[in-house]
Amino acid sequence: MEQEKLVQVKNLKKYYPVGGMGKKKVAKALDGVSFDIYAGETLGLVGESGCGKTTVGRAILRLISVTEGEIWFEDQNITNYSEKQMRPLRSQMQIIFQDPYGCLDPRKTVYDLIAAPLKLHGLKDREELRSRVLELMEEVGLRADYIDRYPHEFSGGQRQRIGIARAIAINPRLIVCDEPVSALDVSVQAQVINLIRKLQKEHGLTYLFISHDLRVIKHLCDRIVVMYLGTIVESGKKEDIYRTPAHPYTKALLSAVPEIGSDMGKTRTILQGDIPSPIDPPEGCRFHTRCPVATEKCAKEIPPCVDLGGGHFCCCHYCGNDSENIR
Amino acid sequence: MGEVLLEVKDLRTQFSTEHGIAPAVDGISFQLEKGKTLGIVGESGSGKSVTSLSIMRLLQEPAGRIAGGQILFKGEDLVKLSEKEMQNIRGAHISMIFQEPMTALNPVYTVGEQIAKVFMVRQKMKKKQARQKAIEMLALVGIPSPETRVDNYPHQLSGGMRQRVVIAIALACNPELLIADEPTTALDVTIQAQILELMKNLQKKLKTSMIMITHDLGIIYEMADEVLVMYCGQIVESGSMQEVFHHMLHPYTEGLMHSIPRLSDEAEELSTIEGIVPSLYELPKGCRFHPRCPYARKLCQTEEPELLEVSPGHCSRCHRYSDMWKEG
Ligand SMILES: Nc1ncnc2c1ncn2[C@@H]1O[C@H](COP(=O)(O)OP(=O)(O)O)[C@@H](O)[C@H]1O
Ligand SMILES: Nc1ncnc2c1ncn2[C@@H]1O[C@H](COP(=O)(O)OP(=O)(O)O)[C@@H](O)[C@H]1O
Ligand code: SF4
Ligand code: SF4
Ligand code: SF4
Ligand SMILES: [Mg+2]
Ligand SMILES: [Mg+2]
């Protein structure tokens, strides 16, 4: 059975103009990114800071315009939809942010905060509103007697629960989770991760889960897209990415994670140098300035995205089955 | 047993605030041997940074103060030293690295000037010679083209490069003790790997003793010889890295270990520690962990457990290892 593609991202580019006297320069935040999100799955987007994860998330929700490419939601090309055209779709797509402080108005109570999307959606009856808010609070694990409190009275984990309640309030199909647990302590992080997973099961949600943390991504995601400097370097099922990573960057990322009980630290491939700037990114393969196995060809030619089978793709000159193996 | 460089005895550090007295560090004791790395781990607010600031005597007084205990550095009690004497210790014997490199760097001086200053002040070097030493230090911490980078201002460097500069400044005086408070938390994972590798290599080379503070148990596993687990201002478990990771004793340590998703783990559901870290102003009676502890009994609600040595060198602050527990 063909799985439904809930979101399709096609050759997406986002160039930000950057200040510079006279000369016009751009930061290539996204430079030709394509992937699909299937209904009901959790797609993980992983990569180091600045690689374009947040930009992808915001572009899909049409919170920012794009330079080139297309975004499809269900069967509609929404790339150039007006705000008015977007309105009926807004209830279908929601976002949870890393810093729940940023998006919670400090003057509003928990009730106001969670009721707001419900009101926008046309629910007016006071009784009904209150009982729906209480229902949502219970779902996300907030005590009912917190209903009249303000965000500052809560810990980071509890504020994240408020943000989640707001996001699921109007039964969206898609939730973009942008580093939702990155600011939380491990014990609270685990609680929120379990909650996110539980809600998916109960509501059949589809997630785009953005994180720089490979451990969290592995735990939550079905399929994974690895990004580097505005491009996708590898994508595939979780098993493919974690058991048989093909791209040198993915391998280095995995080996960089400090793991309890692993002796990886002793044999780790340490990438040299810094992530280059998205203004004038490296020619050829963008990763070649740091790649431990780069060749001359890598500095000149953009690598193709090689289909390794079973939905596993790797964009490297040397990861294909029939290309010369240099490792 | 090696030579003890630092011995902290029953350290108590408090903050007076509008909400009352916050016992941020509440009676901690530990020893650090020469050349070894002590890892301190715990969730935010557990007192890790206050511990390091206390050792450095960098608390914001008078709101924060050391209310009791001793910090014996090579036998000398730092708590009793004057600010002037402390400045000498800080410049020449103990250095500290913070999470955010910019807190240690001055944006209006080049990185070369900032490193050179250490040599000019400490070793009374001439400007030219100090500059040469600064270039050497930059090379030591792995900064490419140090001869040109030496004239860069901090904002011209990436986050990872800045943290390298901070390490260069911290090591310029060849300290006996380096305290690193979440030195890689603000960095990307591949850059974190670089910095941890650098710190390991430098430590081997320079034989510096180190206190490594982090919330990441994976980093502790890689870096530490000895481990302290902190909760609400107290040590709840301490011991060698091997002991703490492979034979953990305290329910909090156990909870922490199981809440981390791991690369090598396929579990669907993460186990969690219920609830949240309590406020320092409303600490639970008895064992501070009892409201969240799956093993808690009545005893835990009333009696505060002591840090007991359960096996040689391995301690746990939990009634489960006391005779009272066996008696029921
Ligand atoms: N409003 C903006 N103006 C200019 N550059 C931007 C803007 N937003 C993001 N960028 C740049 O785009 C790149 C990708 O950013 P982002 O999507 O936030 O990355 P990530 O979420 O992966 O850390 C970065 O280099 C960032 O500096
Ligand atoms: N300047 C201060 N004033 C009042 N309380 C403080 C101050 N600095 C730290 N604390 C409190 O001390 C406790 C321990 O803090 P800290 O050592 O920074 O924790 P961490 O383990 O995250 O480093 C926290 O509860 C914190 O609120
Ligand atoms: S194309 Fe070349 S530089 Fe790029 S990842 Fe592959 S081997 Fe490395
Ligand atoms: S990054 Fe630049 S502007 Fe910001 S504090 Fe550092 S030197 Fe100053
Ligand atoms: S003393 Fe009791 S509550 Fe505290 S950790 Fe031990 S079993 Fe748990
Ligand atoms: Mg981001
Ligand atoms: Mg701290």
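From a predicted model like this one, the values you see are computed outputs, not experimental measurements.

(A) Up close: the site of ligand 2. Residues and elements named next belong to chain B. Neighbouring ligand 2 are Phe15, Thr17, Ala24, Glu43, Ser44, Gly45, Ser46, Gly47, Lys48, Ser49, Val50 and Leu280. Between ligand 2 and Ser46 there is a distance of 3.2 Å, counted from an oxygen atom to a backbone nitrogen or oxygen. At a separation of 2.8 Å, an oxygen atom of ligand 2 approaches a polar side-chain atom of Ser49. Secondary-structure elements contributing two or more residues to the shell around ligand 2 are β1 (4–17) and α1 (48–56). When grouped by side-chain class, the residues that make up the shell around ligand 2 number four nonpolar, six polar and two charged.

(B) Main features of the packing of aromatic side chains. With the rule as written, the count across this model stands at eight aromatic pairs over all chains. Ring centres of Tyr228 of chain A and Tyr249 of chain A lie 4.6 Å apart, and the angle between their planes is 55°; this geometry places the pair in the tilted category. One end of the pair, Tyr228 of chain A, is in strand β9 (residues 223–228); the other, Tyr249 of chain A, is in helix α10 (residues 248–256), with 21 residues separating them in the sequence. For the pair formed by Tyr228 of chain A and Tyr249 of chain A, the shared burial category is buried. For the ring pair Tyr231 of chain B and Phe289 of chain B, a centre distance of 5.2 Å and an interplane angle of 85° mean the geometry is edge-to-face. Pair noted here: Tyr231 of chain B is in strand β9 (residues 226–231) and Phe289 of chain B is in the loop between α10 (251–259) and α11 (298–302), with a separation of 58 residues, a long-range link.

(C) Quick look at the state of the cysteines. Scanning all chains against the criterion turns up one disulfide over all chains. A sulfur-sulfur distance of 1.9 Å marks the disulfide that ties Cys305 of chain A to Cys315 of chain A. A torsion of 80° about the S-S bond marks the disulfide between Cys305 of chain A and Cys315 of chain A as right-handed. With Cys305 of chain A in strand β11 (residues 305–307) and Cys315 of chain A in strand β12 (residues 313–315), the pair connects residues that are ten residues apart, well separated along the chain. Taking relative accessible area as the criterion, Cys315 of chain A reaches 8% and is therefore assigned buried. Free cysteine Cys315 of chain B: the closest other cysteine sulfur is in Cys318 of chain B, separated by 13 Å.

(D) Inspection of the site of ligand 1 at higher detail. Residues and elements named next belong to chain A. Inspection of the region around ligand 1 gives Tyr16, Ala29, Glu48, Ser49, Gly50, Cys51, Gly52, Lys53, Thr54, Thr55 and Pro278 as its neighbouring residues. Residue Lys53 places a main-chain N or O atom 2.8 Å away from an oxygen atom belonging to ligand 1. Between Thr55 and ligand 1, the recorded distance is 2.5 Å, taken from a side-chain N or O atom to an oxygen atom. Considering ligand 1 on its own, with 560 Å² of exposed area, one finds that the protein chains cover 63% of that surface. Tallying contributions element by element places helix α1 (residues 53–60) first for the shell around ligand 1, with three residues.

(E) Representation of the side chain of Ser316 of chain B within the structure. Residue and element names in this part refer to chain B. Relative to the helices and strands, Ser316 is located in strand β12 (residues 314–317). A relative accessible area of 0% means that Ser316 is categorised as buried. Contact partners of Ser316, with chain neighbours within four places excluded, come to Val236, Glu237, Leu249, His250, Glu306, Leu307, Leu308, Val310 and Tyr321.

Here is what the cut-offs are and how they apply
Residues numbered from 1 in each chain as written. Chains lettered and ligands numbered in written order. Predicted model: local features only at pLDDT ≥ 70, side-chain atom pairs only at ≥ 80, totals over all residues. Heavy atoms only, no water. Near = heavy atom within 4 Å. Polar contact = N/O pair within 3.5 Å; in protein donor to acceptor, adjacent residues only side chain to side chain. Helix = DSSP H or I, 4+ residues; strand = E, 2+ residues; numbered from the N terminus. Nonpolar A, V, L, I, M, F, W, Y, C, P; charged D, E, K, R; others polar. Phe/Tyr/Trp six-rings, centres within 6.5 Å; stacked < 30°, edge-to-face > 60°. Buried < 20%, exposed > 50% of the residue type's maximum accessible area, 1.4 Å probe, protein only. Disulfide = S-S within 2.5 Å. Areas by Shrake-Rupley, 256 points an atom, 1.4 Å probe, with all protein chains shown as cover. Contact = heavy atoms within 4.5 Å.

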